[in-house]
Amino acid sequence: MHKESGYTLNAASEIEGFVFAGRDAERKYHETGKFEFISNGGYYHSLPLDPLRQFIDTSAEVQRAMGFQNEKDHPEVAPSQYEINYSYSEAVARPTRSNSTSC
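Residue positions are counted from 1 within each chain, in the order its sequence is given. Where totals are concerned, whole chains, interfaces and linings use all residues; where local detail is concerned, this predicted model gives features only for residues with pLDDT of at least 70, and gives and counts side-chain atom pairs only at 80 or more. Side-chain metrics rest on all non-hydrogen atoms present in the structure, leaving aside hydrogens and water.

**Q** Residues and numbers for the sheet that holds strand β2 (residues 14-18), please.
**A** Only strands joined by at least two bridges in the DSSP assignment are considered to pair. Comment: elements are numbered from the N terminus, with helices defined as DSSP H or I runs of at least four residues and strands as E runs of at least two. Taken together, the three strands give an open sheet; going across it, the order is β2-β4-β3, and neighbouring strands pair in antiparallel fashion. Two strands lie at the open edges of the sheet, namely β2 and β3 (70-75), each paired on one side alone. Each strand axis lies, on average, 10° off the axis of its neighbour in the sheet, ignoring direction. Pairing of β2 with strand β4 (residues 81-86) involves five bridges; the strand directions are antiparallel. Bridging across to β4, E14 finds its partner in N85. Axis angles are defined between N-to-C directions and span 0 to 180 degrees, where every axis is a line fitted to C-alpha atoms and, for a helix, only to the segment in contact.

**Q** Please set out the pattern of salt bridges residue by residue, giving values where relevant.
**A** Counted as salt bridges are all cases of a side-chain nitrogen of Lys or Arg within 4 Å of a carboxyl oxygen of Asp or Glu. On inspection of all chains with the given rule, the structure shows three salt bridges. D57 is the salt-bridge partner of R53, the closest N and O atoms lying 2.7 Å from each other. With R53 and D57 both in helix α3 (residues 51-65) and four residues apart, this pair spans about one turn of that helix. Type-normalised accessible area, obtained with a 1.4 Å probe on protein chains alone, sets the label of each residue: buried when under 20%, exposed when over 50%, and partly exposed for intermediate values. With relative accessibility at 14%, the residue R53 sits in the buried group. In this structure D57 comes out as partly exposed when scored by relative accessible area, which is 36%. The partner of R53 in a salt bridge is D73, and the shortest N-O contact between them spans 2.6 Å. A residue pair is termed long-range when its members are at least 10 positions apart, and R53 in helix α3 and D73 in strand β3 qualify at 20 residues. Salt bridges linked by common partners bring R53, D57 and D73 together as one network.

**Q** Now, about the packing of aromatic side chains: what can you tell me, with residues and values included?
**A** Geometry of aromatic contacts follows a simple scheme: Phe, Tyr and Trp rings, the Trp one being its six-membered ring, pair when their centres are within 6.5 Å, and the pair is stacked under 30 degrees between planes, edge-to-face over 60, tilted otherwise. Evaluated as defined, the whole model comprises six aromatic pairs. Here F18 and F20 contribute two aromatic rings whose centre-to-centre distance is 6.1 Å and whose plane-to-plane angle is 5°, an arrangement assigned as stacked. Judged by relative accessible area, which is 43%, F18 ranks as partly exposed. Looking at F20, the relative accessible area reads 26%, which means it is partly exposed. Taken together through their ring pairs, the aromatic side chains of F18, F20, Y29, F35 and F37 make up a single cluster.

Everything listed here is a matter of coordinates, which is why it stays silent on function.
Shown next as structure tokens:
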């Protein structure tokens, strides 16, 4: 399509997940039959020192340090749910050519 019409396909990814209390939350699930939420707030309802907000901020900061372009991040609808969105880029990256030659 690019060669014929000049179209470029862009795509963006979104990460969503849940953060539960306790380092071994998954291992202990079989004992309790439940996960404990670290936050009971909902969509956009978290204060700066809320554990979920701290997780989101730290995750986004680390990913930006690795070169990802984080567009937005926030708590989601369900308790302890988060979302991190990234800026769009070309879905298929064309290889770049180097002007140097290797020996």
